[in-house]
Amino acid sequence: MKKVSLVHLKPNHKGKVSEIAGGAGLQNRLMSMGLYVGKEITKLSYIGLRGPVVIRIGRSVLALGHGMAAKIIVETE
Amino acid sequence: MIRKIYLIGNPNVGKSVVFSRLTDVHVISSNYPGTTIEFIKGYLSLGDEKIEVVDLPGTYSLEPSSSAEEVAVSLLKEHSKDEIAVVNVIDSTNLERNLLLTLQLVEEGFPTIACLNMCDDAVHRGVHIDTKKLEEILHIPVVSTCAVTGVGIKLLIKRMKETASVSRDKLPHEERWKEIGLIIEQVQHLEHRHHRLREMLEDASVRPLTGFLMAAGVIYTSFKIVRFIGEFIINKITDPFFYGTIQPLLEKLTLHWQEKSFLFHLLIGDLVNGKIDFKQSLGILTTAPYIEFGMVLPYVISFYFVLSLLEDIGYLPRLAILLDNLLHRLGLHGYAIIPVLLGFGCNVPGILSTRVLESKRERFIASTIISIGVPCVPLQAMIIGLLGAFGGFYVGGVYLVLFCIILVLGLILNRVLPGYSPEFLLEIPPYRFPPLTILARKLYFRVKGFLIEAVPIVLIGVLVINILLYLKLFDIMTGVFAPVIHDLFGLPKDAIVALAIGFLRKDVAVGILAPLGLSAKQLFIAVTLLAVSFPCIATFIVLWKELGVKYLIKSTFIMIMISIIVGTLLNFVILR
């Protein structure tokens, strides 16, 4: 097990959210969209050059800006 | 006793389609979050009564995070709970995420009915939901619907009376998600499916390499289709009609009129080589209808056809992901591409839809960029119609200049304005293929909206211009502005009339340029200036309403500066 940010998680790999290093506003916003500590996600892609990261949570697909993705830490194999 | 019905749900679950079904009021719906930015009202006949139905902007929870979400939540709390019914529209293909809002609504004591929409799509994707079980767990009525075809809507209306306040403990979000997990286990059954073509295309469009290739393909094809349909309508329908039917008719009618009479001047305008020229005569019966129906309308139809198709399929949010990078440097984020694309149709809906952006700073940048660098369909149709005669090279040049203006302006605004550009966070919808009838309806309403707005202004505009020209009142203005227009921009003095009229409508303005006999270079400069200078009056009013006077003045100042700089640069440096 190692901890990496969503930016560094490899595409097509799974991870479990272990920390969201943002303010309460961001935490609440992500929480209401179904992304919270303990949730399992799959990374679909990273556009590159500080572009967005795309992940799958359950049946939703979510795109997050680079800065936001860097704040989300996941545990992975 | 229900006095008001609210439709609430996550973004992009089809609330507006349900609303149209309930009330017969047409509203624009698309396959991306945030199509509805303001609440919309209509009426539902229930027995002998007429009940007001309100379609709210989408929200993920009852704690709002954007101005559109705030609208939804504050309206919901306007009436006492025993007088309303809340229809919670849910995307059946994604029950889990939708249930957070449902639980919140029930916990807050809103009399709620759950509407499991898009049930046909859920079945296609192998998602089966036990609605009876869900009803037992939540203690609220649950109805499956497919709003685009109308399935289940009658039952939804019938069961609306069963809504009542239910008591349920209020939970923090973490606990709610745990509970939702348990509910899902009981009511949802997923059939295992292999990846099919649709899912493969969905994934490919958000990966870097395949994504950009697909985007290039989609954009190129869209341009081609817009041009093909537009030209087809012009060459096969409108031109034969104007030149084959209208022209002989007008010539017969006016055979005995005096060419120099005032009435002739107003209705027919000036003859070119003794004949009516629809592009140049500038009469109420000649150029006015030809501009709107013969030049602009064909492209309005073809543009909105392609845009509506892309909207409904759900491609646009994917484009937003790919462009986030670039737009971030302009102080925006990827989602700003949607207001910009809408702005290519008409700047007004484009600027209105900047409400999906979070901060005032972003909205100011996006609105300013749209009103300066994004030409609307009427203007584009005229650019193609007039400048296209000199070759596609010039038309492409105008777009290139506008694109460069957007880039430079965005980079500067992002540097100069205090604040930062917020992060992109967007749910990406699956591809959907709604029935063609829905697409046709949407196209019909958009074209009708265009005609209602454009036709009276064009007729009045041409009338007023003709009277002013006849009385030679423009001469004062041309005298004052001659130094700028002639010495800086290299245009004939009379071109100022066109630029001034551009404030009324851009297509009328280009119509005035036509008889001036401009060279390719002059026409290039004139249409570019028309695009970047003042927006038309409708856009101006929307800018004022949306941004306030202070920002409007800033925006206007930027427009004037850019017009002068770009006009001069084009004249002396680039096109020398």
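Every value quoted in this text rests on a predicted model; they were computed, and no experiment measured them. (Residues numbered from 1 in each chain as written. Chains lettered and ligands numbered in written order. Predicted model: local features only at pLDDT ≥ 70, side-chain atom pairs only at ≥ 80, totals over all residues.)

Examining the overall build of chain B
Along its length, chain B carries 24 helices and nine strands. Its C-alpha atoms give chain B a radius of gyration of 27 Å, near enough to 25 Å, the size a compact globule of 576 residues would have. Each of the three principal axes of chain B carries a C-alpha extent, and together these read 80 × 55 × 45 Å. Looking at chain B as a whole, 46% of its 576 residues are labelled buried. Taking the contacts inside chain B whose residues are at least 6 apart along the sequence as the reference set, 71% of them involve residues at least 24 apart. (Helix = DSSP H or I, 4+ residues; strand = E, 2+ residues; numbered from the N terminus. Rg over C-alpha atoms; globule rule 2.2 N^0.38 Å. Buried ≥ 20, exposed ≤ 12 C-beta atoms within 10 Å, placed from the backbone. Contact = placed C-beta atoms within 7 Å.)

What about the nonpolar core?
Within the largest apolar cluster, 173 residues are counted, with the highest numbers of intra-cluster contacts made by B:Tyr6, B:Leu7, B:Cys115, B:Leu513, B:Ala526 and B:Val527. The residues that make up this core include at least three from each of domain 1 (4–190) and domain 2 (210–574) of chain B. (Core = buried A, V, L, I, M, F, W, Y, C linked by C-beta atoms within 7 Å. Domains from an automatic or database assignment.)

Description of the interface of chain A and chain B
One frequent convention defines the size of an interface as the accessible area lost when the parts assemble. With 26 residues of chain A at the interface, the matching set in chain B holds 28 residues. Contributions of two or more residues to the side of chain A that touches chain B are made by α1 (24–32), β3 (40–46), β5 (60–64) and α2 (66–70) of chain A. A per-element tally of the side of chain A that touches chain B places β5(A) first, with five residues. Class assignment of the residues belonging to the side of chain A that touches chain B gives a composition of 13 nonpolar, ten polar and three charged. As judged from the four bridges shared by β5(A) and strand β9 (residues 425–428) of chain B, these two strands associate in the antiparallel manner. Each residue of the ladder has a partner; that of A:Leu64, found in β9(B), is B:Leu425. (Nonpolar A, V, L, I, M, F, W, Y, C, P; charged D, E, K, R; others polar. Pairing = 2+ DSSP bridges.)

Here's the deal with the sheet that holds strand β1 (residues 4–9) of chain B
Residue and element names in this part refer to chain B. Strand order in this open sheet of six strands is β2-β3-β1-β4-β5-β7, and the pairing throughout is mixed. Every interior strand has two partners, whereas the edge strands, β2 (40–46) and β7 (142–144), have only one. Direction aside, neighbouring strands of the sheet carry axes that sit 25° apart on average. Bridge count between strand β5 (residues 112–117) and β7: three bridges; the pairing is parallel. In the sheet register, Leu116 faces β7, and the bridge partner there is Ser144. Each of β1, β4 (84–91) and β5 touches helix α3 (residues 95–107); the most contacted strand, β4, lies at about 165° to it. Against the sheet, helix α5 (residues 131–138) makes contact with β5 and β7, and its axis sits at roughly 155° relative to β7, the strand it touches most. (Axes fitted to C-alpha atoms, helices over the stretch in contact; angles between N-to-C directions.)

Brief notes about the packing of helix α11 (residues 287–313) of chain B against helix α16 (residues 377–387) of chain B
A packed helix pair is summarised by two numbers, namely the angle formed by the two axes and the spacing between the axes. Residue and element names in this part refer to chain B. Where α11 contacts α16, the two axes come as close as 9 Å, and the packing angle between them is 120°. One element, α11, and the other, α16, form an angle in the oblique class. Judged by the sense of rotation from one axis to the other, the crossing of α11 with α16 is right-handed. Along its contact with α11, which presents Met295, Val296, Tyr299, Val300 and Phe303, the element α16 presents Val377, Pro378, Gln380, Ala381, Met382 and Gly385. (Parallel < 35°, antiparallel > 145°, perpendicular 65-115°, else oblique. Left-handed = near helix turned anticlockwise from the far one by under 90°.)

Structural notes on helix α17 (residues 392–416) of chain B
Residue and element names in this part refer to chain B. A rise of 1.5 Å per residue sets the reference length of α17, with its 25 residues, at 36 Å; its end C-alpha atoms lie 36 Å apart and thus fit the reference within 8%. Restricting attention to buried positions, one finds in α17 the residues Val395, Val398, Val401 and Gly410. Packed against the buried residues of α17 are α15 (360–373), α16 and α22 (520–532). (Expected span 1.5 Å × (residues − 1).)

Section: the sheet that holds β5(A)
Reading across the sheet, the seven strands line up as β1(A)-β6(A)-β2(A)-β3(A)-β4(A)-β5(A)-β9(B) and stay open at both edges, with antiparallel pairing between neighbours. If you trace the sheet from one side to the other, it starts and ends with β1 (2–5) of chain A together with β9 of chain B, each paired once. Strand-to-strand, the axes of this sheet are offset by a mean angle of 40°, without reference to chain direction. One ladder, built from four bridges, connects β1(A) with strand β6 (residues 72–76) of chain A; its direction is antiparallel. Residue pairing across strands places A:Lys3 opposite A:Glu75, the latter belonging to β6(A).

As for the domain arrangement of chain B
Each domain of chain B was delimited in the assignment, giving domain 1 (4–190) and domain 2 (210–574). Domain 1 of chain B and domain 2 of chain B are separated by 39 Å when their C-alpha centres are compared.

Focus on the environment of B:Gln280
Residue and element names in this part refer to chain B. If you trace the backbone, Gln280 turns up in the loop between α10 (262–267) and α11. For the pair formed by Gln280 and Asp270, sequence separation is ten residues and the distance between their alpha carbons is 7.7 Å. The contacts of Gln280, once residues within four sequence positions are left out, are Val272, Ala514 and Pro515.

Focus on the pairing of β5(A)
All names here are of chain A. β5 sits mainly inside the fold: five of its five residues count as buried. The alternating pattern of β5 places Ser60, Leu62 and Leu64 on one face and Val61 and Ala63 on the opposite face, and all of these are buried. Judged from the five bridges that link them, strand β4 (residues 53–57) and β5 form a sheet pairing that is antiparallel. Counted as the bridge partner of Val53 is Leu64 from β5. In this antiparallel pair of consecutive strands, β4 and β5, the connection spans two residues, and Gly58 shows a positive phi of 55°.

Observations concerning the environment of A:Gln27
Of note, A:Gln27 is situated in helix α1. Taking the C-alpha atoms as reference points, A:Gln27 and A:Val37, ten residues apart in sequence, are found 9.5 Å from one another.

Topic: the environment of B:Val532
Residues and elements named next belong to chain B. Tracing the backbone shows Val532 in helix α22. C-alpha of Val532 to C-alpha of Ile372: the two residues are 160 residues apart in sequence and 4.4 Å apart in space. Excluding its chain neighbours within four sequence positions, the residues that come into contact with Val532 are Ile372, Gly373, Ile405, Met559, Ile562, Ser563 and Val566.

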